[in-house]
Amino acid sequence: MQRKSYVMRIDIITIFPEMFEGPLTESIVKRAINKGLVDIRLHNLRDYSTDKHRRVDDYPFSAGAGMVIMIEPVDNCITKLKSERDYDEVIYMSPDGDLLTQPIVNQLSLNQNLIMLCGHYKGIDERIREHLITKEISIGDYVLSGGELAAAVLTDSLVRLIPGALSDETSALSDSFQDGMVSPPVYTRPREYKGWTVPEILLSGNDRLINEWKYQQALERTKERRPEMYAKIEGRRKKEE
Ligand code: ADE
């Protein structure tokens, strides 16, 4: 079977490409890039400005503090990218977007080509959102200085789902949230430290009992820490009865 040169391509449009040093150059994302599983390209929005000072922002058409990212450089960049390949989504990272959750990550991970646009200042010209953006994602109900950290978070969460990105392929499936629950606790050696012991059952060697214990622990933790998630599990269980 002929193998595609990469599983996913992500194009990130930003005025601070250097902010991605680190998130993309370490750990699992770095390894996935090196293995050719994902192709991540950074585009400096200023390169698409027609202004001699490479400006990409201007004053808003109304009173109020803050600058607004102009439509032209964004359109120039997105148009150029779209002339080279088809994109599944053009995502704008924004605090008022859809809240990022594991099901949304799972769904986005099925795509081949994604564009992520990082905003800054007071925001971006609304016409960009109306005409060029297909999806808006927030990583939480707080305001960051720009979309770069959010795009790095989204990228990381996607890359770890690409088959082969993790050394143990099953481990993404056992991540917290993959089955609508948080993860059970984990332990490693030594068996006892300062009198603090590892639960006996984990040392029993009985896989069936261990798996049952892990499931119960995950369930209890979910009930305690994420009651809204637990309510969904209960709802599903009631429907099945
Ligand atoms: N840009 C600024 N804040 C953000 C957030 N919380 N999520 C996504 N993008 C953002």
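Everything discussed here concerns the structure shown above.
For the structure given in this document, a descriptive report is provided here. None of these values were measured; they are calculated from a predicted model.

Cut-offs applied
- Counting of residues starts from 1 at the beginning of each chain's written sequence and follows it residue by residue.
- Confidence filtering applies because this is a predicted model: local features only for residues at pLDDT of at least 70, side-chain atom pairs given and counted only at 80 or more, and all residues used for totals across whole chains, interfaces and linings.
- Note that the side-chain values use all heavy atoms of the structure and ignore hydrogens as well as water.
- Definitions used for this entry: grid spacing 1 Å over protein atoms alone; cavity, a set of points where a 1.4 Å probe fits but cannot get out; pocket, an open set with protein on both sides within 12 Å along at least 5 of 7 lines; lining residue, one with an atom within 4 Å of a point.
- Grid points are joined across faces, edges and corners, and a volume is the space filled by probe spheres set on the points.
- Secondary structure elements follow DSSP: runs of H or I of four or more residues count as helices, runs of E of two or more count as strands, with numbering from the N terminus.
- We call Phe, Tyr and Trp rings a pair once their centres come within 6.5 Å, taking the six-membered ring for Trp, and we label the pair stacked below 30 degrees between planes, edge-to-face above 60, and tilted otherwise.
- Buried residues are those whose accessible area, probed at 1.4 Å on protein chains only, stays under 20% of the maximum for their type, while exposed residues exceed 50% and partly exposed ones sit between those limits.
- Near is defined per residue: the residue qualifies when any heavy atom it owns lies within 4 Å of the molecule or strand.
- A 3.5 Å cut-off defines polar contacts: any pair of N or O atoms within that distance qualifies, except that in protein one atom must be a possible hydrogen donor and the other a possible acceptor, and neighbouring residues in sequence count only when both atoms are side-chain atoms.
- Using a 1.4 Å probe, accessible areas were evaluated by the Shrake-Rupley method; residue-level cover was limited to the displayed protein chains.
- Note on definitions: salt bridges are taken to be side-chain nitrogens of Lys or Arg within 4 Å of carboxyl oxygens of Asp or Glu.

A few words now on the layout of surface pockets. Taken as a whole, the largest pocket spans an internal volume of roughly 460 Å³. As for the largest pocket, its lining consists of 18 residues, of which Thr101, Gln102, Pro103, Phe177 and Met229 are closest to the centre. Sort the elements by how many residues they give to the lining of the largest pocket and helix α7 (residues 227-240) lands first, with five residues.

Right, let's talk about the packing of aromatic side chains for a bit. Under the definition given, this model contains one aromatic pair. With centroids separated by 5.9 Å and ring planes inclined at 55°, the aromatic side chains of tyrosine 193 and tryptophan 196 adopt a geometry described as tilted. Overall, tyrosine 193 belongs to the partly exposed group, its relative accessible area being 46%.

Our next topic: the site of the ligand. Around the ligand lies a shell of 13 residues, among which Ser94, Ile139, Gly140, Tyr142 and Leu144 are the nearest. Between the ligand and the protein, one listed contact pairs a nitrogen atom with a backbone N or O atom of serine 94 at 3.2 Å. One nitrogen or oxygen atom from the main chain of isoleucine 139 is found 3.0 Å from a nitrogen atom belonging to the ligand. Here the ligand loses 96% of its free accessible area of 260 Å² to cover by the protein chains. Put simply, the parts of the chain that give the shell around the ligand at least two residues each are β5 (89-99) and β7 (135-138).

Turning our eyes to something else, we now look at the pattern of salt bridges. Considering all chains together, one arrives at 14 salt bridges under this definition. Note that glutamate 228 and arginine 226 form a salt bridge whose closest N and O atoms lie 3.1 Å from each other. According to the relative accessible area criterion, glutamate 228 is partly exposed, its value standing at 45%. For arginine 237, the salt bridge identified is with glutamate 234, shortest N-O distance 2.9 Å. Separated by three residues within a single helix, arginine 237 and glutamate 234 lie in helix α7, roughly one turn from each other. Shared partners join several salt bridges into a network, and the residues in it are Arg9, Asp11, Asp39 and Arg41.

By themselves these figures say nothing about function.
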